[in-house]
Amino acid sequence: MAQVVLKHAASMDSLLSDTDLDIATLLSVGQEEDDISSNHHYHGVQHVQLVGARFEGPEVTPYPSRDKTESPLVFSNVFNPYVNHRKEEFVQEDFGNVVELRGSDVGAADVKYRVKDLRTHEMPVIGVYIDERICPGFKYRIRQLCRPNRYQFNGSALYLERIGQGYGRRLTFQSPHLNINQNIFYTDTHDGGYGFSIVAVEAGASFTIWDADERAIGQALLLEVNQRQAEINSHIEKKTVCKRVVVAMKVLVNFTSRRHGMMSLINEETVNVCGVAELEKAPRSSKAELKSINNVELPIYGECHFYPNAED
C-alpha cells in the first residue's frame, strides 16, 4: 500500500512549482467546474505525496496489481492509480492517456476495456468493470468520459443505492419518489465509460470546531467546496465501511472561545482550508455518515477538527 505523506504549503503557487505529484492536481485543474480559484491561499493538508507510487511507462497504463488476499476495499491512494502521471506535466490532465481495465481484476468476466479522459480523482465504470472502491451508501457525482462537461443527473451528487448484476449492470441512485425511481443507468450505456467521484461534504454544511486540546472553540460554515474530492483510504472495520477523503473548502469561521484566555484578534473570518473527511457506513444503514473533518489547519489555533452539527 502506498505511503501517504502530508506536508504544509503556504500557497497554491508553491504547490504548482513542486515537482512531485500533489494535491494541486485536485485544486487547480478544471476550474471551470470548481468555484474555488487557484489563487486562493490554503491552510493545512496541502501537499499529499505518494511515496513509491509513480506511474511511468508506455501510453497504455494497466490496472495496478495488488495482493489478491487483501480486502477489495483496502486501497489507499490519493491519486488515481489508473492515470499515467508524468513528472514534467503532473499538473495537467492527460486526456489522451489510455487506461486498460480488466474485468477479471474485480471478480467479473475476463473482458478488457480501454478508457480515456479519466481524471485524477475519478474511479472508472464501464461494462462489467466497476471500481472496487465504489460502494452503495456513498454519494457520487458521475461524469461521462471523453465528454468533459457531460454529467449524469444534471451534475447532482446522489447516493448510490444498488449495483445490479449482468454485463450491463444497472446502477440505482436515490430518488425523492417512493413509487418510481428514474435515477438509474446501465454501465454499458455510454461506450466511453463513466468517471465516479465521491462527494464527502457539500456547501452549506455547518460544523463545531474543536482544537487540539479537545475544546469547542467555534462554528464553521462551508461556503464553497471543491468538487474534486479524492478518496485516499477505504477499509472495513467491524462490518462498517470506512472511507477517508481529502477535501478543499472555503469556510466562514466564527470563534466563540479565546485561546489561553486572551482576547482573539479576529472573531469571524473566511479562510480556505484542506482536511480529511471521515465517512462511515454502518451495516444496517442505507447511507454513509460524515463523522468529522480532521487535519484542518486554522490561523492562530493550528490543527483543528470539524464535527458536523446535528441538523446536518
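Because the structure is predicted, anything quoted here is derived from the model rather than measured.

### Some remarks on the overall build of the protein chain
Part 1 of the reasoning: Across its full length, the protein chain holds two helices and 19 strands.
Part 2 of the reasoning: A total of 312 residues make up the protein chain; the buried ones form 55% of that total.
Part 3 of the reasoning: Accessible area for the protein chain stands at about 14,600 Å²; split by element, carbon and sulfur atoms hold 48% of it.

### Section: the sheet that holds strand β9 (residues 158–163)
Part 1 of the reasoning: Here we have seven strands laid out as an open sheet, ordered β7-β6-β12-β8-β9-β10-β11, and antiparallel in their pairing. Of all the strands in the sheet, just β7 (129–130) and β11 (184–186) have a single pairing partner and so form its edges.
Part 2 of the reasoning: With three bridges joining them, β9 and strand β10 (residues 170–173) adopt antiparallel strand pairing. Within β10, the position partnered with Leu160 by the bridge is Phe173.

### So, unusual backbone geometry
Part 1 of the reasoning: With a phi close to 70°, Cys146 is a non-glycine residue in the positive phi region.
Part 2 of the reasoning: Looking at the element boundaries, Cys146 is found in the loop between β8 (139–144) and β9.

### Some points on the pairing of strand β19 (residues 302–308)
Part 1 of the reasoning: Here strand β13 (residues 206–210) pairs with β19 via four bridges, running antiparallel. What sits directly across from Ile209, in β19, is Phe306.
Part 2 of the reasoning: By the bridge criterion, four bridges tie strand β18 (residues 289–298) to β19 in an arrangement that is antiparallel. Across the sheet, the residue bridging to Glu297 is Glu303, located in β19.
Part 3 of the reasoning: Between the end of β18 and the start of β19, which pair antiparallel, lie three residues, with Ile300 showing a positive phi angle near 75°.

### Description of the pattern of salt bridges
Part 1 of the reasoning: Following the criterion strictly, the structure yields 13 salt bridges and no others.
Part 2 of the reasoning: Among the salt bridges present, the one from Lys250 reaches Glu224, with a minimum N-O distance of 3.4 Å. In this pair, Lys250 sits in strand β16 (residues 240–255) while Glu224 sits in strand β14 (residues 216–225), placing the two residues 26 residues apart along the sequence.
Part 3 of the reasoning: Looking at Lys250, the relative accessible area reads 16%, which means it is buried.
Part 4 of the reasoning: The partner of Arg244 in a salt bridge is Glu278, and the shortest N-O contact between them spans 3.2 Å. Residue Arg244 is located in strand β16, and its partner Glu278 is located in strand β17 (residues 268–281); the two are separated by 34 residues in the primary sequence.
Part 5 of the reasoning: Among the residues examined, Arg244 registers a relative accessible area of 27% and is labelled partly exposed.

### A look at the confidence of the model for the protein chain
Part 1 of the reasoning: When the pLDDT values of the protein chain are averaged, the result is 75; 66% of them are 70 or greater.
Part 2 of the reasoning: In this model, residues 1–41 is a region of pLDDT below 50 whose contacts with residues beyond four sequence positions or in other chains number 128 contacts.
Part 3 of the reasoning: Low confidence marks residues 44–79, where pLDDT is under 50. Its contacts with residues over four positions away, or in another chain, come to 123 contacts.

### Thoughts on the nonpolar core
Nonpolar side chains in soluble globular proteins generally cluster together in the buried interior.
Part 1 of the reasoning: If you look at the biggest cluster of nonpolar residues, it comprises 45 residues, and the most contacted ones within it are Tyr140, Phe196, Ile293 and Leu298.
Part 2 of the reasoning: Broken down by element, this core gets its largest block of residues, seven residues, from β16.
Part 3 of the reasoning: Setting aside residues up to four positions removed in sequence, Leu298 forms contacts with Ile209, Val253, Phe255, Val271, Val273, Cys304 and Phe306.
Part 4 of the reasoning: Residues Leu101, Val115, Val128 and Leu145 belong to the second largest nonpolar core, which totals ten residues.

### Here's the deal with the pairing of β16
Part 1 of the reasoning: A large share of β16 lies buried, amounting to 13 of its 16 residues.
Part 2 of the reasoning: Bridge analysis of β14 against β16 gives seven bridges, and the strand direction is antiparallel. Paired with Ala220 across the strands is Val253, a residue of β16.
Part 3 of the reasoning: Note that strand β15 (residues 230–237) and β16 share seven bridges and pair antiparallel. Across the sheet, residue Asn233 finds its bridge partner in β16, namely Arg244.

### Let's talk about the side chain of Ser197
Part 1 of the reasoning: If you trace the backbone, Ser197 turns up in strand β12 (residues 194–198).
Part 2 of the reasoning: In contact with Ser197, not counting residues within four places along its chain, are His121, Glu122, Lys139, Tyr140 and Arg141.

### Observations concerning the packing of aromatic side chains
Part 1 of the reasoning: As enumerated under the stated definition, the model contains ten aromatic pairs in all.
Part 2 of the reasoning: Here the aromatic rings of Phe255 and Tyr301 are separated by 4.6 Å at their centres, their planes lie at 15°, and the arrangement is stacked. Taken together, the residues span a long stretch of sequence, with Phe255 in strand β16 and Tyr301 in the loop between β18 and β19 at a distance of 46 residues. Taken individually, Phe255 and Tyr301 each receive the classification buried, so the pair is uniform in this respect.
Part 3 of the reasoning: Joined through ring pairs, the aromatic side chains of Tyr140, Phe153, Phe173, Phe185, Tyr194 and Phe196 make up one cluster.
Part 4 of the reasoning: Across the ring face of Phe138, the terminal group of Lys243 is positioned such that the distance to the ring centre comes to 5.1 Å.

Criteria and thresholds
- Within each chain, residues carry numbers counting from 1 in the order of the written sequence.
- Residues qualify for local features only when their pLDDT is at least 70, as the model is predicted, and side-chain atom pairs are given and counted only at 80 or more; totals for whole chains, interfaces and linings, by contrast, use all residues.
- In computing side-chain properties, one takes all heavy atoms of the structure into account and sets aside hydrogens as well as water.
- Strands are runs of DSSP state E lasting at least 2 residues, helices are runs of H or I lasting at least 4, and numbering of each runs from the N terminus.
- Partly exposed describes any residue whose relative accessible area lies between the buried limit of under 20% and the exposed limit of over 50%, with all areas from a 1.4 Å probe on protein chains only and scaled to the type maximum.
- Surface accessibility follows the Shrake-Rupley procedure with a 1.4 Å probe radius. Residue values consider only the protein chains on display as shielding.
- Note: two strands are recorded as paired if DSSP finds a minimum of 2 bridges between them.
- In the sections that follow, a salt bridge refers to a side-chain nitrogen of Lys or Arg positioned within 4 Å of a carboxyl oxygen of Asp or Glu.
- Each residue gets a pLDDT score, which is the predictor's confidence in that residue and runs from 0 to 100.
- Contacts are residue-level and defined by heavy atoms, with any inter-residue pair within 4.5 Å sufficient.
- To define a nonpolar core, start from buried Ala, Val, Leu, Ile, Met, Phe, Trp, Tyr and Cys residues and group those joined through side-chain atoms within 4.5 Å.
- Stacked, tilted and edge-to-face are the three classes assigned to paired rings of Phe, Tyr and Trp, where Trp is represented by its six-membered ring and a pair needs centres within 6.5 Å; plane angles under 30 degrees give stacked, over 60 edge-to-face, the rest tilted.
- A ring is considered to have a charge above it if a Lys NZ or an Arg CZ atom is located within 6 Å of its centre and within 35 degrees of its normal.

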